[in-house]
Amino acid sequence: MKTMYFSEAIDDALAQAMKEDNRILVYGEDVPLLRRNLLVRFGPKRVRGTPISESAFLGAGVGAAMAGLRPVVELYMVDFLGVAMDALLNHAAKLDVFSGGRWTAPVVVRAPCGGGYGDGGQHEQSLWGWLAHIPGLVVLVPATPADAGGLMSAALHHDGPVIFLEHKLLSESFLEFLGSGGRSTVEYDVPREGARGPVPNHWEPLPIGKAVMRREGNDLTLVSVGVGVHRALEAAARLESEGISTSVLDLRTVAPLDKESLGNAVAHTGRLLVVDEDYENFGLSGELAAVILEVGIPFKYARVCTQATIPYARNLEDQTLPNVERIQSAARSLLQQ
Amino acid sequence: MDVWSLYELMKKSRQFEEAVTQLWKDGLISGEMHLGTGEEAIMAGVVSHLRSGDAMAVDHRGSAAFLMRGVDPVLLLKEMLGQEDGLCGGQGGHMHLLSKKHLAASSGIVGAEGPMVIGFALAAQTLRPGTVAVAFFGEGALNQGMLMESINLAAAWNLPVLFVCKDDDWAITTKPGTSTRGDMGDRVRGLGVSYVEVSGLDVEQVWKVAHQAIARARAGKGPTFLRARCVHFEGHFLGLLLLRLTRNPLREVPAIVGPLLRSFLLPGGGSLRERLAGVRLVLSTILSTLRDPRRTSSNDPVLRARAGLLSDPERLNGLDNRIQAETSAVVTSALHEVSV
């Protein structure tokens, strides 16, 4: 079977869609270098660099989408959305409703996210909960190359704004670009299954809002997205040796949430442990608990999230981001309750 | 103006950043690393005018500004090493250096220096008349709306601000010619702010121009925008792909050429003409890097300043040796904590 790296799969799905649909164009800061393989195939009219003007070019993506294009706007990192949030918060997300369902903005915002390589709290945030909080935005967080390509394909077929978050620990080309290519003295805890894996020969859009069960188990359900899925899987494998049978649900889509799969998974084990690299308060982890409570499924609950601003120091960072040890320990406590 | 002390500031900064480079290569400093090697004359020429109560809004290359402002180099290096007793408790790292005592704040968000310096200057105008606020940024930041808005606000409120643009003719890997139109001076003057250009390689020139601009701001006569051209010897950050390509072509070029060629030849996509235009764009970025003046003595502000002091070789060598010894002591002191 064909295998690809994570970002390679995204670019491959993007290329396939660009080949079929001339309305798709890709732009963002340093895109001519970052997406050079797309540039030499589709040319500089469809693969463009931008000035460091996020509010202008992200807002332009919304306008271009409204007027018939299908732009893929790249942000250097999701953190930099802070500079340009108006385009998403007040425009892209509102258009469908404001127009009485007559107008949408099919813009895809592709942004690297996440930590684990020592860049500190202004460059390593996840922010999917923050984005999913806003009605009208689709938020995708793939964990494997196959999902990354399939969800990019889905994003390009979706009729509204989509935020596509590409975790930097899975994205070999991004870590390499950020300087790891200049030295071999630093190691990152890259989940191998997520960084490279099997992909289909032809990309088909994955359903948006459909979770996937990565591992079946009876005692406890771990739910996560992105790199957290791989941390959860590793924790589940270790817990098995302690006699704890753990299932792992990969949401893949934060918004819209697959409430049905979530409910079924939690109903089966009666225990939900959320692993979320995004901030703990007012975010995905609390939302999952609320969803289950609303359905009325009896369950026990715990979460392993990022509780504070991500510290620069690597040792502190490792403790702050959800790690396998924290997941194991939370799982044990949950089973003793 | 004391050229000896200006040279000392520059040389200390250079040696410090060379030590940082080695520690980064050794893997003791994590994440990205944006150096200011090449912009020392700009930093020394401006920062040497600052005194108690003055404020600085600094970009993601903060080492030189902080060192020259008098921040303890051991604290600074410990911060970069991520130690608990670093300048910011190991929480901030090199892009987020902060010193409340010095009213000095850096940020990893391009252009964020603009609004920050406006706030610092408003506080200066209100609470500490006679003090000033300085912002440092690159020319890429000038396309960031918040910086342009801030330049206007500085003029509208007649704030004691010095905007310092360290222009290295690169916005990360983008040449301004492909992303910017118009003239920087026209743009700044159009917003009602006084605009001055100076060679960022010549510390004495920078010092003189900054002296006037800062005196003007202290006297309540409003903001000045200073554009100083320079070369960043290590590019946007350490390990920059473009520099790796030009420095290690045998190792780096094949890795990118294969995928490029495969993609270029794939059926479906642009016309041959469009594809060739894409190839030209990739090549021109690499060629621009090759043509960039790198580490030649005429573009090195530290060497240039040193050349002006050769008339007193004894004093000069003594100074160089002292700075070298001090930098080694800083590294030893900071690393000592690592091994404990």
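About the criteria used
- Residues numbered from 1 in each chain as written.
- Chains lettered and ligands numbered in written order.
- Predicted model: local features only at pLDDT ≥ 70, side-chain atom pairs only at ≥ 80, totals over all residues.
- Heavy atoms only, no water.
- Helix = DSSP H or I, 4+ residues; strand = E, 2+ residues; numbered from the N terminus.
- Rg over C-alpha atoms; globule rule 2.2 N^0.38 Å.
- Buried < 20%, exposed > 50% of the residue type's maximum accessible area, 1.4 Å probe, protein only.
- Contact = heavy atoms within 4.5 Å.
- Areas by Shrake-Rupley, 256 points an atom, 1.4 Å probe, with all protein chains shown as cover.
- Lys, Arg positive; Asp, Glu negative; His and termini not counted.
- Charge placed at Lys NZ, Arg CZ, Asp CG, Glu CD.
- Axes fitted to C-alpha atoms, helices over the stretch in contact; angles between N-to-C directions.
- Parallel < 35°, antiparallel > 145°, perpendicular 65-115°, else oblique.
- Left-handed = near helix turned anticlockwise from the far one by under 90°.
- Nonpolar A, V, L, I, M, F, W, Y, C, P; charged D, E, K, R; others polar.
- Core = buried A, V, L, I, M, F, W, Y, C linked by side-chain atoms within 4.5 Å.
- Pairing = 2+ DSSP bridges.
- 1 Å grid on protein atoms, 1.4 Å probe; cavity = no way out; pocket = protein on both sides within 12 Å on 5 of 7 lines; lining within 4 Å.
- Points joined across faces, edges and corners; volume = space filled by probe spheres on them.
- Phe/Tyr/Trp six-rings, centres within 6.5 Å; stacked < 30°, edge-to-face > 60°.
- pLDDT = per-residue confidence, 0-100.

## What to know about the overall build of chain A
- Within chain A, the regular secondary structure consists of 15 helices and 14 strands.
- Taken over C-alpha atoms, the radius of gyration comes to 19 Å for chain A, in line with the 20 Å a tight globule of 337 residues would show.
- Counting across all 337 residues of chain A, residues that qualify as buried make up 63%.
- Considering only intrachain contacts with a sequence separation of at least 6, the fraction spanning at least 24 residues in chain A is 78%.
- Carbon and sulfur atoms provide 52% of the accessible area of chain A, an area that totals close to 12,200 Å².
- Each charge sign in chain A was given a centre, from 30 positive and 40 negative side chains, and these centres are 4 Å apart.

## What about the packing of helix α11 (residues 249-265) of chain B against helix α12 (residues 272-291) of chain B?
All names here are of chain B.
- In the contact formed by α11 and α12, the axes pass within 10 Å of each other and the chain directions differ by 165°. One way to sum up the angle between α11 and α12 is to call them roughly antiparallel. In terms of crossing hand, the pair formed by α11 and α12 is right-handed. Contacts between α11 and α12 pair Ile 256, Leu 260, Ser 263, Phe 264 and Leu 265 from the former with Leu 272, Arg 275, Leu 276, Val 279, Val 282 and Ile 286 from the latter.
- Residues of the contact of α11 with α12, tallied by class, amount to nine nonpolar, one polar and one charged.

## So, the nonpolar core
- Within the largest apolar cluster, 63 residues are counted, with the highest numbers of intra-cluster contacts made by A:Leu14, A:Met18, A:Met152, A:Leu156 and A:Phe164.
- In this view, A:Met18 contacts A:Ile24, A:Val26, A:Leu38, A:Phe42, A:Arg46 and A:Val47; residues no more than four positions away in its chain are not counted.
- Counting 62 residues, the second largest nonpolar core, distinct from the first, contains B:Leu50, B:Met56, B:Ala305 and B:Val330.

## So, the sheet that holds strand β9 (residues 212-215) of chain A
All names here are of chain A.
- Taken together, the five strands give an open sheet; going across it, the order is β9-β11-β10-β13-β14, and neighbouring strands pair in mixed fashion. Strands with a single pairing partner mark the edges of an open sheet, and in this sheet they are β9 and β14 (300-306). Ignoring which end each strand starts from, the neighbouring axes of this sheet average 25° apart.
- Across seven bridges, the pairing between strand β13 (residues 271-279) and β14 is parallel. Within the sheet, the bridge partner assigned to Arg 271 lies in β14 and is Lys 300.
- Across the sheet, helix α11 (residues 227-241) lies against β9, β10 (220-224), β11 (246-250) and β13, angled at about 170° from β11, the strand it touches most.

## A short note on the layout of surface pockets
- Space inside the largest pocket adds up to approximately 1,200 Å³.
- Contributing to the lining of the largest pocket are 36 residues, with A:Glu8, A:Asp11, A:Asn37, A:Glu172 and B:Pro259 lying nearest its centre.
- Listing elements by their share of the lining of the largest pocket, those giving two or more residues are β1 (3-5), α1 (6-20), α2 (31-34), α3 (36-42) and α9 (172-177) of chain A together with α11 of chain B.
- Quantified by volume, the second largest pocket comes out at close to 460 Å³.

## Structural notes on the packing of aromatic side chains
- Across all of its chains, the model carries ten aromatic pairs over all chains by this definition.
- An angle of 35° between the planes, with centres 6.4 Å apart, marks the rings of A:Tyr76 and A:Phe177 as tilted. Of this pair, A:Tyr76 sits in the loop between β4 (70-74) and α5 (85-92) while A:Phe177 sits in helix α9, and the two are 101 residues apart along the sequence.
- Taking relative accessible area as the criterion, A:Tyr76 reaches 8% and is therefore assigned buried.
- An aromatic cluster of three or more residues is present, and its members are A:Tyr76, A:Phe174, A:Phe177 and B:Phe237.

## So, the confidence of the model for chain B
- Per-residue confidence for chain B gives a mean pLDDT of 94, with 98% of residues at or over 70.
- If you check the scores for this complex, the pTM reads 0.95 and the ipTM reads 0.93.

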